[in-house]
Amino acid sequence: MKIFKNRYVLIFLLSLFFLLITKIDYRFIEEIRCCQDDHDYFIHAETIAVDLDFDYSNQLEGFENKRFNHNGKVAPKGFVGTGIFSSPFLFIGSLLNNFQNSNIFNFKILFYSLSSVVYFFLSILLIYKTLNDLKIKSNIFYISLLMLGSGLPYFAFERYSMSHIYEVFSITCILYLSNKFLSTSENKYAFLIPIAIVLSLSVRWVNYYVIFLPFVMKLMFYKNEKSLKENFKNKYFLLAIPISLILFSVLSKAIYGIFTFNPQFVYGTSGMMTNFLSSETNLVEYILLNIKNLLLIFYTQEFGIIWFSPIIFIGTLLAFYLLAFNRENMLLNILILFSYLQNFAIVLIWKSTASSYGFRYLFNLVPLSIFVYYHFKNTRKSKLIDYYLITFSIIGILSLLFFETTEMTQLSLVDEVNTFGRSLRFTEPNYLRGFIYSFLELNSYLKIFTTSFLGAVIFKSILLLVDKNQFISILSSYGLPVQNDDFVIYLDQIQEIEFYKFVIVIFIIYFFVKKIVDEYIS
């Protein structure tokens, strides 16, 4: 269709789409309050960008025993890497707040919330650039589709203060820098790789597999060139390793008052691994139970990755396939499979999707899955895999839009038995069924529109021209359910927010959409 070859039409349509998936729920607020992970990552950014210290006593005053507390040293449970990456955005927002300190959607929240959006787009562009550098034929729209359909965008365009976008970006940086070093042998890239690895680990300490990613890139795409030893005996690479370890240790001491590499100590979950390994059932039953739970991750209605994270599913499938049927490079196959199993093991330990959208502990696998997929595609073509990825990535995008639009797509606020038999809050064991039924409810579409930035921009534009009460009367005349307190509060919030703040969001989305379209057209 010619319409999809027109640059300006593409930019316009994609900008509308990204404004539609950019949600206001966590943005139209005055501050991020204690005490959840969102707040942990926010105060990491705040202590770096605003306080210029690692003293969290002011942010956690009155909540000293709700987060990390060791010998009176209080700190967030969430790890510091997310704060490191987002702190430049919070710094800009904090500076602008000095000139106009508004309440709802103030500059701190505005720019901090845009951080995850920027890193999401940068991840797409870096993955595309790396594949191009590898001379692998790729399409930036297709890469964008795989990313958008993975479930990951929820943590960029809605719940922006979580760590998952920063995990993906930092992992993408490791893959990008590794490829740059392997293709150019330049010392600056050799030096930056260990730094990037430590920054990635600082986002989530348990992502141990990132240490092996430079070797995975080498074995995957440069197997006929220098040996592993020849590549990574570079003196700048070796020099950066102790520097990186010192950096990690200094951060640990500054934040937690102690040198530690133990994530269980920081997160207050000591004993989880021991309890997982020391099951009271016999060995055969224990193995069968974990195999059953592993399979549930694939097909469960509660965000099963077959339905809602197709690129992760294909990456996992290919990891097993390569180990079983590709005997040419066993070290590579083992490293890839280890990367997946390490993340799946975390889900098996917690027996939970992690109280948010999707199996969020697996989202860091998206970049690796894309490279594993293209590694396989580079030597063997499978239209079936391509058709599956396209179809279910679209389903994944629709799932993001319809999440929490009906009762059956909302996470429970009371204890409910989840996929793995645990009784927990914030779960929805029949999400797939609820997602399908939500297509039949008019309120789903109304909620998608009104909770989106696209809807907020349109309502803001109308309210600049029409009185609020008159506008509500007009909508009521068409039979729309707008005569309620929630909608009135919503319009009041939109009226309170300055129009130029909407323009800033539109500009950021437009800028990156234009970059993607330009790459596609070129």
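Note that residues are indexed from 1 along each chain, following the sequence as it is written. The predicted nature of this model means local features are confined to residues of pLDDT at least 70 and side-chain atom pairs, given and counted, to a pLDDT of 80 or more, with totals for whole chains, interfaces and linings taken over all residues. Working from all heavy atoms in the structure, the side-chain values ignore hydrogens and water.

### Let's talk about the overall build of the chain
Item 1. For the chain, the helix and strand inventory stands at 25 helices and 4 strands.
Item 2. A compact globule built from 522 residues should have a C-alpha radius of gyration of about 24 Å, and the chain, at 23 Å, falls within 12% of that.
Item 3. Residue contacts are defined here by distance: any two heavy atoms, one from each residue, within 4.5 Å place the two residues in contact. For the chain, long-range pairs separated by at least 24 residues make up 73% of all intrachain contacts whose partners lie at least 6 apart in sequence.
Item 4. Working note: accessible area of the chain is about 23400 Å², and carbon and sulfur atoms make up 63% of it.
Item 5. The distance from the centre of the 42 positive side-chain charges to the centre of the 37 negative ones in the chain is 13 Å. By definition, any uninterrupted DSSP run of H or I lasting at least four residues is a helix, any uninterrupted run of E lasting at least two residues is a strand, and each is numbered from the N terminus. Based on C-alpha atoms, the radius of gyration is set beside the globule rule, defined as 2.2 Å times the residue count to the power 0.38. To measure how exposed things are, a 1.4 Å probe is used in the Shrake-Rupley method; for residues, cover is taken only from the protein chains shown. Two residue types count as positive, namely Lys and Arg, and two as negative, namely Asp and Glu; His and chain ends fall outside the count. For the purpose of locating charges, the reference atoms are NZ of Lys, CZ of Arg, CG of Asp and CD of Glu.

### Describing helix α19 (residues 383-402)
Item 1. When the terminal C-alpha atoms of α19 are compared, their 29 Å separation across 20 residues agrees well with the 28 Å that a helix rising 1.5 Å per residue should span.
Item 2. Residues of α19 that are buried: I385, D386, Y388, L389, S393, G396, I397, S399, L400, L401 and F402.
Item 3. Directly after α19, the chain includes E404, whose backbone phi takes a positive value near 60 degrees. In this scheme, a helix's expected span is set at 1.5 Å multiplied by one less than its residue total. The buried label goes to any residue with under 20% of its type's maximum accessible area, the exposed label to any with over 50%, and the partly exposed label to all in between, with areas taken from a 1.4 Å probe on protein chains only.

### A look at helix α1 (residues 7-21)
One turn of the α-helix equals 3.6 residues, which is why residues spaced by three or four share an orientation.
Item 1. Spanning 15 residues, α1 covers 21 Å between terminal C-alpha atoms, matching the ideal 21 Å at 1.5 Å per step.
Item 2. Looking at α1, one finds that the buried residues are L10, I11, S15, F18, L19 and I21. Buried positions in α1, seen along its axis, are confined to an arc of 160 degrees and lie on one side of it.
Item 3. For α1, the secondary structure elements touched by its buried residues are α4 (107-133), α5 (140-148), α6 (154-157), α19, α22 (453-463) and α25 (499-521). Note that the arc is defined by the directions from the helix axis to the C-beta atoms.

### Observations concerning the packing of α5 against α25
Item 1. Between α5 and α25, the least distance of the axes is 8 Å, while the angle of their chain directions is 135 degrees. By the angle between their axes, α5 is oblique relative to α25. Here α5 contributes I140, F141 and S144 to the contact with α25, which in turn contributes I516, V517, E519 and Y520.
Item 2. Note on residue classes: Ala, Val, Leu, Ile, Met, Phe, Trp, Tyr, Cys and Pro are nonpolar, Asp, Glu, Lys and Arg are charged, and everything else, Gly too, is polar. For the contact of α5 with α25, the residue count by class is 5 nonpolar, 1 polar and 1 charged. Lines fitted to the C-alpha atoms define the axes, with helices restricted to the stretch that makes contact. Angles between their N-to-C directions range from 0 to 180 degrees. These descriptions rest on fixed angle ranges, namely under 35 degrees for roughly parallel, over 145 for roughly antiparallel, 65 to 115 for roughly perpendicular, and the rest for oblique.

### Some thoughts on empty space enclosed by the protein
Item 1. Definitions used throughout: a 1 Å grid over protein atoms alone; a cavity as a set of points that fits a 1.4 Å probe which cannot get out; a pocket as an open set with protein on both sides within 12 Å along at least five of seven lines; a lining residue as one with an atom within 4 Å of a point. Grid points are joined across faces, edges and corners, and a volume is the space filled by probe spheres set on the points. This model, assessed by the stated rule, comprises 3 cavities of 30 Å³ or more.
Item 2. Empty space within the largest cavity amounts to approximately 60 Å³.
Item 3. Lining the largest cavity are I21, K23, P153, Y154, F157, E158, L400 and L401.
Item 4. Breaking the lining of the largest cavity down by element, the ones donating at least two residues are α6 and α19.
Item 5. Looking at the lining of the largest cavity residue by residue, the classes come out as 6 nonpolar, no polar and 2 charged.

### A word on the pattern of salt bridges
A pair can form between side chains of opposite charge whenever their charged atoms are brought close.
Item 1. By convention in these notes, a salt bridge is any Lys or Arg side-chain nitrogen within 4 Å of a carboxyl oxygen on Asp or Glu. Per the stated rule, a full pass over the model turns up 14 salt bridges.
Item 2. Residues R67 and D40 are paired through a salt bridge, measuring 2.8 Å at the closest nitrogen-oxygen approach. A residue pair is termed long-range when its members are at least 10 positions apart, and R67 in the loop between α2 (37-51) and β1 (68-70) and D40 in helix α2 qualify at 27 residues. In terms of burial, R67 and D40 fall into one category: buried.
Item 3. Residues joined by salt bridges that share partners form a network here, namely D37, D40, R67 and R360.

### What about the nonpolar core?
Across soluble globular proteins, nonpolar side chains show a tendency to be buried alongside one another.
Item 1. With 171 residues, the main nonpolar core has F28, F120, I297 and Y373 as its most contacted residues.
Item 2. For this core, the element with the most residues is α4, which contributes 17 residues.
Item 3. Ignoring sequence-local partners within four residues, the contact set of Y373 consists of Y142, L146, I311, I314, L318, I385, D386 and L389. Grouping buried Ala, Val, Leu, Ile, Met, Phe, Trp, Tyr and Cys residues that are joined through side-chain atoms within 4.5 Å yields what is termed a nonpolar core.

### Description of the layout of surface pockets
Item 1. By volume, the second largest pocket is sized at about 750 Å³.
Item 2. Lining of the second largest pocket is provided by 21 residues; of these, T450, T451, D486, F487 and Y490 occupy positions nearest its centre.
Item 3. Elements that contribute at least two residues to the lining of the second largest pocket include exactly α21 (442-450) and α24 (485-496).
Item 4. Of the residues belonging to the lining of the second largest pocket, the class tally is 13 nonpolar, 5 polar and 3 charged.

### Topic: the environment of F157
Item 1. Within the element layout of this structure, F157 appears in helix α6.
Item 2. Judged by relative accessible area, which is 1%, F157 ranks as buried.
Item 3. Along the backbone, F157 and F120 are 37 residues apart, and their C-alpha atoms lie at a distance of 9.1 Å.
Item 4. If we skip the residues at most four places from it in the chain, F157 touches F18, I21, T22, K23, R27, V117, F120 and F121.

### Digging into the side chain of T172
Item 1. Along the chain, T172 turns up in helix α7 (residues 164-184).
Item 2. Among the residues examined, T172 registers a relative accessible area of 2% and is labelled buried.
Item 3. Apart from residues no more than four positions distant in its own chain, T172 is found in contact with S123, L126, I127 and P367.

### Thoughts on the packing of α1 against α25
Item 1. Closest axis-to-axis distance for the α1/α25 pair is 9 Å, and the angle between their directions is 135 degrees. It follows from the interaxial angle that α1 and α25 lie oblique. Of the two elements, α1 crosses α25, and the hand of that crossing is right-handed. Contacts from R7, L10, I11, L14, S15, F18 and L19 of α1 reach α25 at V505, I506, I509, Y510, V513, K514, V517, D518, Y520 and I521.
Item 2. In terms of residue class, the contact of α1 with α25 is made up of 13 nonpolar, 1 polar and 3 charged. The crossing is said to be left-handed when, going from far helix to near helix, the turn is anticlockwise and less than a right angle, and right-handed when the turn is clockwise.

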